[in-house]
Amino acid sequence: QVQLVESGGGLVQAGDSLRLSCAASGRASANYVMGWFRRAPGKEREFVAANGWSTGPTDYADSVKGRFTISRDNAKNTMYLQMNSLKPEDTAVYYCGAGTQWYSGRYRTSSGYDYWGQGTQVTVSS
């Protein structure tokens, strides 16, 4: 079993930056698909970003492309989401997931992931 723990959330002002971390423990693999999702108040959980493997492709939701960057440190079994130019609409609980569904395209849906963290709150004030 793989355990995932998110950290790095907080309260910031519009235009600020945050870096979220997702630490993996257990039998994690560098070849897992790693993704970030978020759930904003009153909305369903939505795809944010994903990385196919350690040095492989990445994909981003249109709403965050150009502002957010996903990366990994395989030596630390940790994934990061660098969030720049934050907007109030980025306010949400952010979740990281691990799975194996890159080539099916299911990495853009929550059903494409086998493991999830508990989430970390990001609040952006205007």
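Report follows, based on the coordinates.

Rules and cut-offs
- Residues numbered from 1 in each chain as written.
- Predicted model: local features only at pLDDT ≥ 70, side-chain atom pairs only at ≥ 80, totals over all residues.
- Heavy atoms only, no water.
- Helix = DSSP H or I, 4+ residues; strand = E, 2+ residues; numbered from the N terminus.
- Rg over C-alpha atoms; globule rule 2.2 N^0.38 Å.
- Buried < 20%, exposed > 50% of the residue type's maximum accessible area, 1.4 Å probe, protein only.
- Contact = heavy atoms within 4.5 Å.
- Polar contact = N/O pair within 3.5 Å; in protein donor to acceptor, adjacent residues only side chain to side chain.
- Salt bridge = Lys/Arg side-chain N within 4 Å of Asp/Glu carboxyl O.
- Pairing = 2+ DSSP bridges.
- Axes fitted to C-alpha atoms, helices over the stretch in contact; angles between N-to-C directions.
- Phe/Tyr/Trp six-rings, centres within 6.5 Å; stacked < 30°, edge-to-face > 60°.

## Here's the deal with the overall build of the chain
Along its length, the chain carries 0 helices and 11 strands. Going from N to C terminus, the chain has its helices and strands arranged as β-β-β-β-β-β-β-β-β-β-β. In terms of overall size, the chain behaves like a compact globule, its C-alpha atoms giving a radius of gyration of 13 Å where 126 residues would be expected to give roughly 14 Å. Its C-alpha atoms give the chain principal-axis dimensions of roughly 40 × 25 × 25 Å. Taking all 126 residues of the chain together, the buried fraction comes to 44%. Sequence-distant contacts in the chain: of pairs separated by 6 or more residues, those separated by 24 or more amount to 59%.

## Here's the deal with the environment of Ser85
By secondary structure assignment, the location of Ser85 is in the loop between strand 8 (78-83) and strand 9 (92-99). Along the chain, Ser85 and Thr69 lie 16 residues apart, while their C-alpha atoms are 12 Å from each other.

## A look at the side chain of Arg67
Among the secondary structure elements, Arg67 is positioned in the loop between strand 6 (58-60) and strand 7 (68-73). Within the structure, Arg67 has its side chain in polar contact with the backbone oxygen of Ser63 (distance 2.9 Å).

## Considering the pattern of salt bridges
Overall, the coordinates contain 4 salt bridges when judged by the stated rule. A salt bridge links Asp90 to Arg38, with the shortest nitrogen-to-oxygen separation between them at 2.9 Å. Taken together, the residues span a long stretch of sequence, with Asp90 in the loop between strand 8 and strand 9 and Arg38 in strand 4 (residues 33-39) at a distance of 52 residues. Of the residues examined, Arg38 reaches a relative accessible area of 4% and is grouped as buried. Two residues, Asp59 and Arg108, come together in a salt bridge whose shortest N-O distance is 2.7 Å. Within this pair, whereas Asp59 is found in strand 6, its partner Arg108 is found in the loop between strand 9 and strand 10 (113-116), the two being separated by 49 residues in sequence. Exposure remark for Asp59: the relative accessible area of 18% places this residue in the buried category. Judged by relative accessible area, which is 38%, Arg108 ranks as partly exposed.

## Notes on the side chain of Asp90
Accessibility expressed as a relative area gives 0% for Asp90, which makes it buried. A distance of 2.8 Å separates the side chain of Asp90 from the side chain of Arg67, its partner in a polar contact. Here Lys87 takes part through its backbone nitrogen, which lies 2.8 Å from a polar atom of the side chain of Asp90.

## Describing the sheet that holds strand 8
Pairing is antiparallel in the open sheet, where 4 strands are placed in the order 1-3-8-7. The sheet is open, and its two borders are formed by strand 1 (2-7) and strand 7, each paired with just one other strand. Looking at each pair of strands side by side, their axes are set apart by 15° on average, direction ignored.

## Section: the packing of aromatic side chains
Aromatic ring pairs are described here by two measures, namely the spacing of the ring centres and the angle between the planes. All chains considered together, the criterion is met by 7 aromatic pairs. Residues Trp102 and Tyr107 carry aromatic rings whose centres are separated by 4.2 Å and whose planes lie at 15° to one another, so their mutual orientation is stacked. Relative to Trp116, the ring of Tyr113 has its centre 5.4 Å away and its plane inclined at 55°; by these criteria the two rings are tilted. Given a relative accessible area of 6%, Tyr113 falls into the buried group. Trp116 gets classed as partly exposed once you look at its relative accessible area, which sits at 26%. Members of the aromatic cluster, connected to one another through ring pairs, are Phe37, Phe47, Trp102, Tyr107, Tyr113 and Trp116.

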